[in-house]
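Overview (structure and organization)
Each chain, written out:
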Amino acid sequence: GLPTGTGLGNSTGFDGLNARNFGVPDKPFAADIADRSALGLRLSRLRLLPTLPAGDLYTGIVDRFGQYTRADWPGKLHSEAEFTTRRDAEATALAAAPALPGRDAWGGWADGPTLPHTGYFTTTKRDGRWWLVTPSGHLFLSWGTDATRMGGETIVEPRAALFAELPAPTDPLARFYGRTDHVLYGPFKSGKTFDFYRANLFRKNGPDYEAVWRKTTLARLKSWGFNTVGNWSDEALGEAHEVPYVGTLGVGGDHARLASG
């Protein structure tokens, strides 16, 4: 919810914290603190939010690209025209450095020991260390990223006031509205959603944004030094047969389970 004030100004966002966080053990943050001057010394070292009425703290804090509106930083997007500039600049950078040197086609150690070619990934133990081995017989240390996939839905209703601008129902970007009913954490477990990530990909690459994203992502992984598509990733990245990937296996059925909390 919104901070309701602590006696230190409605915008501090400290509502509900305990004074033990500031050196006063086991006392409510504001009600039982007699000497606020000592506490104020500690608070003066914190970077507080701008002084705004509590109801305005979060109004419009997300812009139309899904970015925080209360600050600026290097790399922040300011207009749709920047999508084209950034896309072209990245394409040039990826073409200049397509992959790290000294790697085989699978991302293995091309200049290292050569083992028999098996045609598939396997393992070996050398000098007391286990290694993966690529299908072409080179030692392989897997560097991958999990959950490499499109999508970043956020609930926009019933909290529409947080967003400075959302697409109208007739806008081409309205296709990225959705709904969720299975949020695990947070104050809202269901509601109408908007996917800023896919919307920005559409702005950047047009209607064929999914295919462009997959092609660009595979190029990024190889250029940045990754050689594995990790678990929970877009299955099409593995199906492209450009970067080794791990398969996701589900365990279902009626079997013994350990309580996890």
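Whatever comes next refers back to the structure up there.
The structure displayed is predicted, hence computed values, not measured ones.

1. Looking at the environment of leucine 162
Mapped onto the elements of the fold, leucine 162 is located in the loop between strand E5 (153-157) and strand E6 (177-180). Residues leucine 162 and isoleucine 61, spaced 101 residues apart in sequence, show a C-alpha to C-alpha distance of 5.5 Å. Once residues lying within four places of it in the same chain are set aside, the contact partners of leucine 162 are Tyr58, Gly60, Ile61 and Val62.

2. Notes on the side chain of histidine 138
Tracing the backbone shows histidine 138 in the loop between strand E2 (129-133) and strand E3 (139-140). Of the polar contacts made by the side chain of histidine 138, one reaches the side chain of serine 136; its length is 3.4 Å. Residue contacts for histidine 138: discarding those within four places in its chain leaves Asp104, Gly108, Trp109, Ala110, Pro113, Thr114, Leu132 and Val133.

3. What to know about the packing of aromatic side chains
For the structure on display, the rule yields 10 aromatic pairs. Between phenylalanine 65 and phenylalanine 83, the aromatic rings sit 5.8 Å apart at their centres with planes inclined by 80 degrees, giving edge-to-face as the arrangement. Highlighted residues: phenylalanine 65 in the loop between helix H1 (36-43) and helix H2 (81-96) and phenylalanine 83 in helix H2, separated in sequence by 18 residues. When sorted by exposure, phenylalanine 65 lands in the same class as phenylalanine 83, which is buried. Residues phenylalanine 194 and phenylalanine 196 carry aromatic rings whose centres are separated by 4.9 Å and whose planes lie at 80 degrees to one another, so their mutual orientation is edge-to-face. Judged on exposure class, the residue phenylalanine 194 and its partner phenylalanine 196 are both buried.

Quick notes on the rules
Residues numbered from 1 in each chain as written. Predicted model: local features only at pLDDT ≥ 70, side-chain atom pairs only at ≥ 80, totals over all residues. Heavy atoms only, no water. Helix = DSSP H or I, 4+ residues; strand = E, 2+ residues; numbered from the N terminus. Contact = heavy atoms within 4.5 Å. Polar contact = N/O pair within 3.5 Å; in protein donor to acceptor, adjacent residues only side chain to side chain. Phe/Tyr/Trp six-rings, centres within 6.5 Å; stacked < 30°, edge-to-face > 60°. Buried < 20%, exposed > 50% of the residue type's maximum accessible area, 1.4 Å probe, protein only.

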